[in-house]
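# A closer look at the structure
The chain contents come next:
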Amino acid sequence: MPEPRPDVEAPTPPSGARRPSSSDETYGTYGTYDTHNEKGGPSTAALLRNPLEGMSEEDVLADVDAFVHDKGLSEHREDFRKGALLARVNGTSDGFEAVTAVSESEKEILRREITHRWSQPFTLYFLCTLCAGSAVVQGMDQTAVNGAQQYYYDEFDIRNEYMQGLMNGAPYLCSVLIGCWTNPFLNKIGGRRFTIFVSCVFSFLTSIWMGVADSYWNLFAARFCLGFAVGAKSSTTPVYSAECTPKTIRGALTMMWQMWTAFGICLGFVVSVAFQNADFLGEYSQWRWMLGSTGIPPLIVMAQVYFCPESPRWYMEKGRYDRAYRSMCRLRHHPIQAARDMYYSWKLLEIERKEREGRNLLKEFFTVRRNRRAAQSAWFTMFMQQFCGVNVIAYYSTSIFESAGFSRSSALLASMGGGLINWLFAIPAIYTIDTFGRRNLLLVSFPLMSLCLFFTAFAFLAETEVVRTGLVMTGLYLFMVVYSPGEGPVPFTYSAEAFPLHIRDIGMSSSTAVCWGFNFIISFSWPPLQRAFGDTGAFCWYAAWNLFGWVFAYFMLPETKNLTLEELDSVFGVTNRTHSGYYFRKLPWYANKHILRQDVAAFPPLYEFAEETVPNEKAHSSHVEGLMASDRR
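This text gives an overview of the structure that appears in the document. Bear in mind that the values here come from a model prediction, so they are computed numbers and not experimental data.

## Quick look at the nonpolar core
- Counting 98 residues, the largest nonpolar core has Y152, L219, W287, F479 and W526 as the members making the most contacts within it.
- At 15 residues, the largest contribution of residues to this core is made by helix α24 (residues 504-556).
- When neighbours within four sequence positions are excluded, F479 is seen to be in contact with C388, G389, V390, I393, M449, C452 and L453.
- Among the nonpolar cores identified, the runner-up in size contains 34 residues, and L52, V60, L110 and Y325 belong to it.

Structural data, given as structure tokens:
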């Protein structure tokens with residue numbers, strides 16, 4: 001696919017392509033994205049938007065007949081014929097109304113799919129609880145160490161700040177070096193369920209290992225091996241959810257990963273409070289129960305895996321189309337819904353395979369500007385999820401509260417309160433991320449997070465202990481209130497949608513590695529940073545990074561909300577200089593409108609996209625119904 005060229009004069013776009021915005025004349029041409037290739041057929045982006053684009057109804061029926069014959073699905077031929085015709089009108093919510101091959105009772109099911117989008121089979125929701133449980137495991141693995149560390153520091157006499165940081169960050173060091181990169185191999189060997197199962201096995205075994213560790217190095221080895229689970233699980237679970245859920249609720253259910261990770265984080269704080277007095281195995285043995293208890297959630301997830309269907313897309317990649325259809329039928333109310341979604345996925349999979357043929361994906365990842373900018377943006381969101389300072393609180397809040405004047409018991413309770421806030425305020429993100437937008441969430445949350453951290457930093461200077469503890473707790477709680485619906489849910493969502501389909505596996509693995517790599521740096525560097533600069537200086541350091549995050553997000557980060565793959569190619573094809581120049585020129589407009597409250601004219605948009613056209617389904621519906629009836633005879 002040719003790369004968009006924003007630095008040359010834009011040609012006249014064909015029907016369905018992006019129209020140059022009214023700002024092009026004043027601020028330079030930002031380029032168009034052609035929906036047709038040089039041979040006159042639909043481009044890859046247009047096909048990915050709807051792989052049946054340009055095919056007549058007769059062509060679709062012929063294609064699906066060949067599909068069911070080749071894949072051993074002939075006994076389900078009628079369902080797939082109806083499903084294919086429905087897949088052809090996927091671009092509009094009521095396009096199925098004109099497909100006369102579908103009966104009225106079947107149309108009623110399709111109407112209910114729109115009007116009652118949360119009415120789904122039990123199996124689908126059971127699968128979602130599996131994904132939620134996997135996220136809980138992830139969050140609990142992250143924060144159980146928060147309360148445990150104070151006890152194993154004492155038992156093993158760990159006083160060196162770098163050794164403390166290395167112990168706490170060991171899982172993320174393993175994850176960035178090994179764990180994240182095992183995901184493609186595990187998925188290829190056994191599928192999504194297998195990868196989740198293996199990661200939970202590692203979580204369970206390492207939790208027992210940590211609980212019985214008898215030395216510093218033994219505990220370090222156990223925590224390092226935990227990183228195998230962290231990397232594979234975080235890369236696979238959101239993909240498994242996205243591949244199995246219908247498009248009407250896919251965004252909300254995929255977002256559940258962040259919300260239930262936040263719940264797991266809260267649960268990690270809860271067990272720290274619950275076992276703070278469990279010292280009957282020794283003076284400092286509380287940490288053994290705190291870390292050992294993290295083995296319970298993965299056991300539950302491991303049992304659930306057996307009852308969940310495998311991803312239909314993975315079955316199709318392996319050529320097991322009969323199993324893919326059975327799996328899809330368990331996840332949909334009616335066979336024609338299963339046939340529609342499976343056939344549509346197969347068409348996308350075929351396009352993806354053609355895109356990969358004969359291409360050096362690693363080379364294209366860095367040499368094509370559209371891919372570079374997607375990586376730059378996704379990596380930035382992952383980097384800032386760590387350097388906004390949230391995991392300093394997640395991993396070290398107990399010691400932070402203690403340094404502010406709390407007793408250890410009170411510090412553990414205060415940490416649990418922060419975890420509860422993190423979970424509760426993650427819930428609104430299910431709605432705001434698709435309405436308010438990814439970029440806007442970051443632009444609002446970065447300055448507020450910076451303000452909260454500056455407030456917390458200078459709260460440590462209060463001379464009265466009661467005032468100091470109250471102000472520190474207020475500052476950290478307010479930070480979690482701002483973070484959870486803002487910077488919290490954006491990175492994984494943004495990374496999953498930014499990359500083109502043929503390099504999405506590489507893009508997501510690299511983004512996850514960036515996340516866990518900087519997570520390790522945070523875990524490792526906080527103890528010496530706190531010792532060198534004190535609590536005030538250390539918190540000011542991360543407050544300043546949030547200001548940097550706002551500047552970068554404003555000038556360099558494109559919005560991805562509600563954009564098709566075709567439109568994303570255009571958006572990420574724009575140069576950094578053009579993007580930042582546009583928003584630099586827009587600064588005075590923001591000041592006049594929102595600060596001076598002046599009545600100003602609308603600022604010309606950077607992008608403007610043509611509305612998608614929908615084929616007229618009524619034109620040939622009677623003819624197609626006749627063809628199907630003739631074939632049945």
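Moving on from the coordinates now.
## Section: the packing of aromatic side chains
- A complete count under the given rule lists 52 aromatic pairs for this structure.
- On the numbers, 5.3 Å between centres and 90 degrees between planes, the contact of Y306 with F307 is edge-to-face.
- The class for Y306 is exposed, based on a relative accessible area of 68%.
- Relative to F499, the ring of F365 lies with its centre 5.8 Å away and its plane at 20 degrees, an arrangement referred to as stacked. With F365 in helix α16 (residues 361-367) and F499 in the loop between α23 (490-498) and α24, this residue pair connects regions lying 134 residues apart in the sequence.

## Some details on helix α12 (residues 296-305)
- Three or more residues of α12 are buried, namely P297, P298, V301, M302, Q304 and V305. The buried residues of α12 occupy one face: seen down the axis, they fall within an arc of 160 degrees.
- Its buried side turned inward, α12 meets α6 (122-155) and α8 (192-212).

## Quick notes on unusual backbone geometry
- Phi is positive for D157, which is not a glycine, with a value near 55 degrees.
- With respect to the helices and strands, D157 occurs in the loop between α6 and α7 (161-190).
- The class of D157 is exposed, set by a relative accessible area of 54%.
- For R597, which is not a glycine, the phi torsion comes out positive at approximately 60 degrees.
- Secondary-structure assignment places R597 in the loop between α26 (576-595) and α27 (621-632).

## Concerning the packing of helix α18 (residues 390-403) against helix α19 (residues 408-424)
- Following both chains from N to C, one finds α18 and α19 inclined at 130 degrees, their axes separated by 8 Å at the closest point. With respect to each other, α18 and α19 are oriented oblique. Note that α18 runs across α19; the crossing there is right-handed. Every residue of α19 that contacts α18 at S397, T398, F401 and E402 is listed here: R408, A411, L412, A414 and S415.
- In terms of residue class, the contact of α18 with α19 is made up of four nonpolar, three polar and two charged.

## Observations regarding a nonpolar patch on the surface
- A surface patch of nonpolar side chains, about 310 Å² in accessible area, is lined by L420, L424, F425 and I427.
- Looking at the secondary structure, you find L424 in helix α19.

## Thoughts on helix α3 (residues 57-70)
- Counted at 1.5 Å a residue, the expected span for α3 with its 14 residues is 20 Å, and the 20 Å between its end C-alpha atoms agrees.
- Positive backbone phi, approximately 70 degrees, marks G72, located one or two places after α3.

Cut-offs used in this document
Residues numbered from 1 in each chain as written. Predicted model: local features only at pLDDT ≥ 70, side-chain atom pairs only at ≥ 80, totals over all residues. Heavy atoms only, no water. Core = buried A, V, L, I, M, F, W, Y, C linked by side-chain atoms within 4.5 Å. Buried < 20%, exposed > 50% of the residue type's maximum accessible area, 1.4 Å probe, protein only. Helix = DSSP H or I, 4+ residues; strand = E, 2+ residues; numbered from the N terminus. Contact = heavy atoms within 4.5 Å. Phe/Tyr/Trp six-rings, centres within 6.5 Å; stacked < 30°, edge-to-face > 60°. Arc of directions from axis to C-beta. Axes fitted to C-alpha atoms, helices over the stretch in contact; angles between N-to-C directions. Parallel < 35°, antiparallel > 145°, perpendicular 65-115°, else oblique. Left-handed = near helix turned anticlockwise from the far one by under 90°. Nonpolar A, V, L, I, M, F, W, Y, C, P; charged D, E, K, R; others polar. Patch = residues over 30% accessible without salt bridge, like charges linked within 9 Å, V, L, I, M, F, W, Y side chains within 5 Å. Areas by Shrake-Rupley, 256 points an atom, 1.4 Å probe, with all protein chains shown as cover. Salt bridge = Lys/Arg side-chain N within 4 Å of Asp/Glu carboxyl O. Expected span 1.5 Å × (residues − 1).

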